Amino acid sequence: MASSYRYWSFWDGGANGSWSYATQGPSTARPADGSVQGFRFGVSKDAGDQSGRPRADADFEAVCSATPAEQGRKRVALVIDFGLPAEAPSGETPPGDAPRTACARVAPDATSAEALAAVAKPLRYNSAALLCGISGYPRQGCGEPIADGAGQRPSASSSSPSSASSASSSGGSGGPSAGLVVGVVAVAALAAAGVWQSRRRAR
């Protein structure tokens with residue numbers, strides 16, 4: 001029985017380069033100037049599984065120091081981690097071994113999704129507005145359940161997170177983790193609400 005899911009998780013950067021699982025979806029979160037946001041593709045049983053956090057520090061200065069501030073715009077540092085080959089869908093390979101970083105300079109009220117779109121197109125969403133692909137990866141699939149033990153990332157002892165400088169959830173065994181299912185559904189619902197709001201403003 002499937003008990004894990006393969007998807008893009010969304011993280012908020014904190015003090016000392018730390019990460020915490022985001023409580024909003026990227027289409028509704030509106031990061032402040034100087035924020036760091038992370039995206040990590042992988043296989044997890046639980047929403048917020050710390051072994052699935054981005055493998056680079058949440059370091060605003062390291063990402064945005066070369067992007068000068070601009071009046072009427074905000075800067076958001078983004079860490080985009082495409083995950084490990086073992087976590088990739090069948091027939092696909094992550095585009096690079098290390099996480100990518102980018103500094104998005106966007107409007108003051110821009111969402112995290114808009115900041116991501118400014119630096120990592122093409123993005124792919126499903127019919128529920130859940131983020132499914134970043135920079136074209138993966139080409140297909142979106143939050144699909146997978147068999148327990150398949151596509152699992154190596155343990156922390158065999159694969160430790162790397163620092164930003166290298167880059168320029170445990171659930172029960174009887175079925176899908178309730179925490180992850182709720183997290184994925186919540187992100188989809190929040191993302192859908194954000195898309196509806198943006199369309200409403202555009203009218």
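Residues numbered from 1 in each chain as written. Predicted model: local features only at pLDDT ≥ 70, side-chain atom pairs only at ≥ 80, totals over all residues. Heavy atoms only, no water.

Caption draft 1: How the structure looks around the overall build of the protein chain. Counting its secondary structure elements, the protein chain contains 3 helices and 8 strands. Within the span of the protein chain, comprising 203 residues, buried residues form 46% of the whole. Accessible surface computed for the protein chain: about 9,700 Å², of which carbon and sulfur atoms make up 51%. (Helix = DSSP H or I, 4+ residues; strand = E, 2+ residues; numbered from the N terminus. Buried < 20%, exposed > 50% of the residue type's maximum accessible area, 1.4 Å probe, protein only. Areas by Shrake-Rupley, 256 points an atom, 1.4 Å probe, with all protein chains shown as cover.)

Caption draft 2: Up close: the confidence of the model for the protein chain. When the pLDDT values of the protein chain are averaged, the result is 79; 70% of them are 70 or greater. In this model residues 154-203 is a low-confidence stretch, pLDDT under 50, and it forms 70 contacts with partners more than four residues away in sequence or in other chains. (pLDDT = per-residue confidence, 0-100. Contact = heavy atoms within 4.5 Å.)

Caption draft 3: Looking closely at the nonpolar core. Membership of the largest hydrophobic core comes to 20 residues, with the highest contact counts inside it found for W8, F39, L78, I80, L116 and I134. Broken down by secondary-structure element, the contributors of at least two residues to this core are β1 (2-13), β3 (35-44), β4 (74-81), β5 (100-106), α2 (112-119) and β7 (131-134). With 3 residues, β4 is the largest single contributor of residues to this core. Excluding residues that lie within four positions of it along the chain, I80 makes contacts with W8, F39, P99, R100, L116, A120 and I134. One finds V36, C64, A77 and C103 within the second-largest nonpolar core, a separate group that totals 11 residues. (Core = buried A, V, L, I, M, F, W, Y, C linked by side-chain atoms within 4.5 Å.)

Caption draft 4: Examining the state of the cysteines more closely. In this structure the tally under the stated criterion is 2 disulfides. Paired through a disulfide, C64 and C103 show a sulfur-sulfur distance of 2.0 Å. Here the disulfide of C64 and C103 is right-handed, its torsion about the S-S bond being about 105°. Within this pair, whereas C64 is found in helix α1 (residues 60-64), its partner C103 is found in strand β5, the two being separated by 39 residues in sequence. On the basis of relative accessibility, which here comes to 0%, the residue C64 falls in the buried class. Exposure remark for C103: the relative accessible area of 15% places this residue in the buried category. Through a disulfide, C132 is tied to C142; the S-S separation comes to 2.0 Å. Given an S-S torsion of about -75°, the disulfide between C132 and C142 has left-handed geometry. One end of the pair, C132, is in strand β7; the other, C142, is in the loop between β7 and β8 (144-147), with 10 residues separating them in the sequence. For C142, a relative accessible area of 24% corresponds to the partly exposed category. (Disulfide = S-S within 2.5 Å.)

Caption draft 5: How the structure looks around unusual backbone geometry. Of note, the amide linkage connecting K121 to P122 takes the cis form, showing an omega dihedral of 0°. One can find P122 in the loop between α2 and β6 (123-125). Between Y137 and P138 the backbone carries a cis peptide bond, its omega angle lying at -10°. If you trace the backbone, P138 turns up in the loop between β7 and β8.

Caption draft 6: Local environment of the packing of aromatic side chains. For the structure on display, the rule yields 6 aromatic pairs. Ring geometry for W8 and F82: centres 5.6 Å apart, planes at 80°, overall edge-to-face. Separated by 74 residues along the polypeptide, W8 in strand β1 and F82 in the loop between β4 and β5 bring together distant segments of the chain. Look at W8 and you get buried, because its relative accessible area is 7%. Assessed through its relative accessible area of 1%, F82 is described here as buried. Ring centres 5.3 Å apart and planes at 70° place the aromatic pair F41 and Y137 in the edge-to-face group. Of this pair, F41 sits in strand β3 while Y137 sits in the loop between β7 and β8; the two residues are 96 residues apart in sequence, bridging distant segments of the chain. By relative accessible area, F41 is classed as buried at 3%. Judged by its relative accessible area of 3%, Y137 is buried. By way of ring pairs, the aromatic residues W8, F41, F82 and Y137 are connected into one cluster. (Phe/Tyr/Trp six-rings, centres within 6.5 Å; stacked < 30°, edge-to-face > 60°.)

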